[in-house]
Amino acid sequence: MINLAIYTTEKRNIDTMNLDSMSSMEIAMAANKEDENVVKAVRSVIPQIADAIDIAAETLGGQGRLIYIGAGTSGRLGVLDASECPPTFGVSEGLVTGIIAGGREALFHAVEGAEDSKTLAEADLKEHRLSPSDMVIGLSASGRTPYVLYGLRYASSIGCKTAAIACNKDSIIGKEADIAIEPVTGPEILTGSTRLKAGTAQKMILNMISTGSMVKIGKAYENLMVDLQNTNEKLAVRTENIVMNATSSDRETAKRLLKEADGSAKLAITMFLLDKPADEAMSILKSAHGSIRKAIRENKE
């Protein structure tokens, strides 16, 4: 039998022993107070997060993929973060991938036994054609989920760089990975419900890793989403605003530049800042590996 009592994520929170007697205001206040500890816990593992960002950026810059694996809430968080990368950063589907134990059905319903499997993760990773150039990040609040453990073990065996995100110190999955990211979020207000603080911590860390690595491979200029996909009216206006902010130009100029750049904010900005037509600006961007700042530094007259 699994001894869950050893995990801080499974312990009872002494401040919420009377949770079932609290008013709605008291429940909300208790949850908010506990959430303050999440920020502190994540702050304590910033060096490890930074290491993961560096490896993820190196992986993505070298034509590798970033792959998250997890079960339950952790798996869903990985799928969520991965699904936001194409519209935010203009990357191809699959460059960042979330794999959840039990597959698509597990996004909406529990799939019995999936997280306890010692073979399913390897099969899933093989189905996604995992290669040594990829990076695999395993997610498990407890840090012991077999699906994640054996997935990381397989990834390491073929030469992938790996990281593990758990909310208990000295986790089993942390020992299996190149980088162990272990924010100790402590007992939940509802005992064992790790979709709460533990889930929040994992979401924050995934945000940092995906955003940080994308920024480092040229998917931002200053703090602007220059590879944003312009797919609806709101995003069309946001794209115009991005060009306006980056170039200090008016909306009509931004619209003209975007039309000439076939909707690409990155290309439109580069055209303006270097005073180049679209074809020349595109060539310069390719030479600069998609980085506007590098393109400007190397080509500013």
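Shown above is the structure to which this text applies.
On a predicted model such as this, the values are computed, not experimentally measured, just so you know.

### A closer look at the pairing of strand 2 (residues 96-100)
- Of all 5 residues in strand 2, 4 are buried, a share of seventy percent or more.
- When strand 1 (residues 66-70) meets strand 2, the two strands line up parallel, connected through 5 bridges. Residue pairing in the sheet places Ile 67 in a bridge with Thr 97 of strand 2.
- Once you follow strand 1 into helix 3 (residues 72-89) and on to strand 2, the crossover reads as right-handed.

### Notes on the nonpolar core
- In this structure, Leu 66, Ile 181, Ile 209 and Met 214 are the most contacted members of the largest nonpolar core, which totals 35 residues.
- Looking at this core, the element that brings in the most residues is helix 2 (residues 46-61), giving 7 residues.
- Discounting residues that sit within four places of it in the chain, Leu 66 has contacts with Ala 56, Leu 60, Leu 95, Val 96, Thr 97, Met 135, Ile 137 and Ile 209.

### What to know about the pairing of strand 4 (residues 161-165)
- Burial analysis of strand 4 places 4 of its 5 residues in the buried class, the great majority of the element.
- Read as a crossover between parallel neighbours, the route from strand 3 (residues 135-139) over helix 5 (residues 146-157) to strand 4 is right-handed.
- Pairing of strand 4 with strand 5 (residues 179-181), which is carried by 3 bridges, proceeds in the parallel orientation. What sits directly across from Ala 163, in strand 5, is Ile 179.

### Here we look at the environment of Ile 205
- Following the sequence through the fold, Ile 205 ends up in helix 7 (residues 197-216).
- The exposure class of Ile 205 is buried, given its relative accessible area of 0%.
- Among all residues touching Ile 205, those that are not within four sequence positions of it are Val 42, Ile 49, Ile 165, Ile 181 and Pro 183.

### Remarks on the packing of helix 8 (residues 233-247) against helix 10 (residues 265-274)
- At a minimum axis separation of 10 Å, helix 8 and helix 10 run at an interaxial angle of 25 degrees. Taken together, the axis directions place helix 8 and helix 10 in an arrangement best described as roughly parallel. Crossing geometry of helix 8 relative to helix 10 is assigned as right-handed. Counting all contacts with helix 8, which are made through Thr 239, Ile 242, Val 243, Ala 246 and Thr 247, the residues of helix 10 involved are Ala 265, Ala 268, Ile 269, Phe 272 and Leu 273.
- Looking at side-chain class alone, the contact of helix 8 with helix 10 contains 8 nonpolar, 2 polar and no charged residues.

The rules behind each value
- Residues numbered from 1 in each chain as written.
- Predicted model: local features only at pLDDT ≥ 70, side-chain atom pairs only at ≥ 80, totals over all residues.
- Heavy atoms only, no water.
- Buried < 20%, exposed > 50% of the residue type's maximum accessible area, 1.4 Å probe, protein only.
- Helix = DSSP H or I, 4+ residues; strand = E, 2+ residues; numbered from the N terminus.
- Pairing = 2+ DSSP bridges.
- Right-handed = clockwise from strand over helix to strand, strands pointing away.
- Core = buried A, V, L, I, M, F, W, Y, C linked by side-chain atoms within 4.5 Å.
- Contact = heavy atoms within 4.5 Å.
- Axes fitted to C-alpha atoms, helices over the stretch in contact; angles between N-to-C directions.
- Parallel < 35°, antiparallel > 145°, perpendicular 65-115°, else oblique.
- Left-handed = near helix turned anticlockwise from the far one by under 90°.
- Nonpolar A, V, L, I, M, F, W, Y, C, P; charged D, E, K, R; others polar.

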